[in-house]
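For reference, the chains in residue letters:
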Amino acid sequence: DGTADKKFAHAIVAGIDRYPRKVTRAMTKDKIEKRTKMKPFLKAINYTHLMPTRYVVDIDLKKYATDDCLKENRSDARKGIKKLFEDRYRSQTSGKKEKKAAGVSYFYK
């Protein structure tokens, strides 16, 4: 559809700008905590530029990804998305379904 700001049909997309770094078994918990931090992004993308994939991730972002969060509360939305991404990254093995677990593991490569 579109809005007054963006005259094109768009989707609000959240992704990872800076990925977490490699973690080994010998690292301490504090070091692992620091190395698993990531930087998310949030932007509106035209539908014609989106490409569907077979990967499915079970992270619900509807609370943070709204049209008004792009204008006013972008930093608050990024902080919330960052917390969700980091929590999900740290608990990858607790996926409910195998297909979604595969999607999450691809997402965090």
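Residues numbered from 1 in each chain as written. Predicted model: local features only at pLDDT ≥ 70, side-chain atom pairs only at ≥ 80, totals over all residues. Heavy atoms only, no water.

**Examining the side chain of Glu86**
1) Next: Following the sequence through the fold, Glu86 ends up in helix α2 (residues 74-90).
2) Next: Residue classification places Glu86 among the buried positions, given a relative accessible area of 9%.
3) Next: A distance of 3.1 Å separates a polar atom in the side chain of Glu86 from the backbone nitrogen of Met38.
4) Next: For Glu86, the contacting residues outside a window of four places in its chain are Thr36, Lys37 and Met38. (Helix = DSSP H or I, 4+ residues; strand = E, 2+ residues; numbered from the N terminus. Buried < 20%, exposed > 50% of the residue type's maximum accessible area, 1.4 Å probe, protein only. Polar contact = N/O pair within 3.5 Å; in protein donor to acceptor, adjacent residues only side chain to side chain. Contact = heavy atoms within 4.5 Å.)

**What to know about a positive patch on the surface**
1) Next: Side chains of Arg21, Lys31, Lys34 and Lys37 sit close together on the surface and give a patch of like positive charge.
2) Next: Among the secondary structure elements, Lys37 is positioned in the loop between α1 (29-35) and β2 (39-46).
3) Next: Lys37 sits in the partly exposed class, given a relative accessible area of 43%. (Patch = residues over 30% accessible without salt bridge, like charges linked within 9 Å, V, L, I, M, F, W, Y side chains within 5 Å. Areas by Shrake-Rupley, 256 points an atom, 1.4 Å probe, with all protein chains shown as cover. Salt bridge = Lys/Arg side-chain N within 4 Å of Asp/Glu carboxyl O. Lys, Arg positive; Asp, Glu negative; His and termini not counted. Charge placed at Lys NZ, Arg CZ, Asp CG, Glu CD.)

**Side note on the pattern of salt bridges**
Two side chains with opposite charge may pair up if their charged atoms get near one another.
1) Next: By the definition in use, this model includes three salt bridges.
2) Next: Between Glu33 and Arg90 there is a salt bridge; the shortest N-O distance is 3.3 Å. You can see Glu33 sitting in helix α1 and its partner Arg90 sitting in helix α2, a full 57 residues away along the chain.
3) Next: With relative accessibility at 40%, the residue Glu33 sits in the partly exposed group.

**What about α2?**
1) Next: Taking 1.5 Å of rise per residue, 17 residues should cover 24 Å, and α2 covers 24 Å from first to last C-alpha, within 8% of that figure.
2) Next: Within the sequence span of α2, burial applies to Ala77, Gly80, Ile81, Phe85, Glu86, Arg88 and Tyr89. (Expected span 1.5 Å × (residues − 1).)

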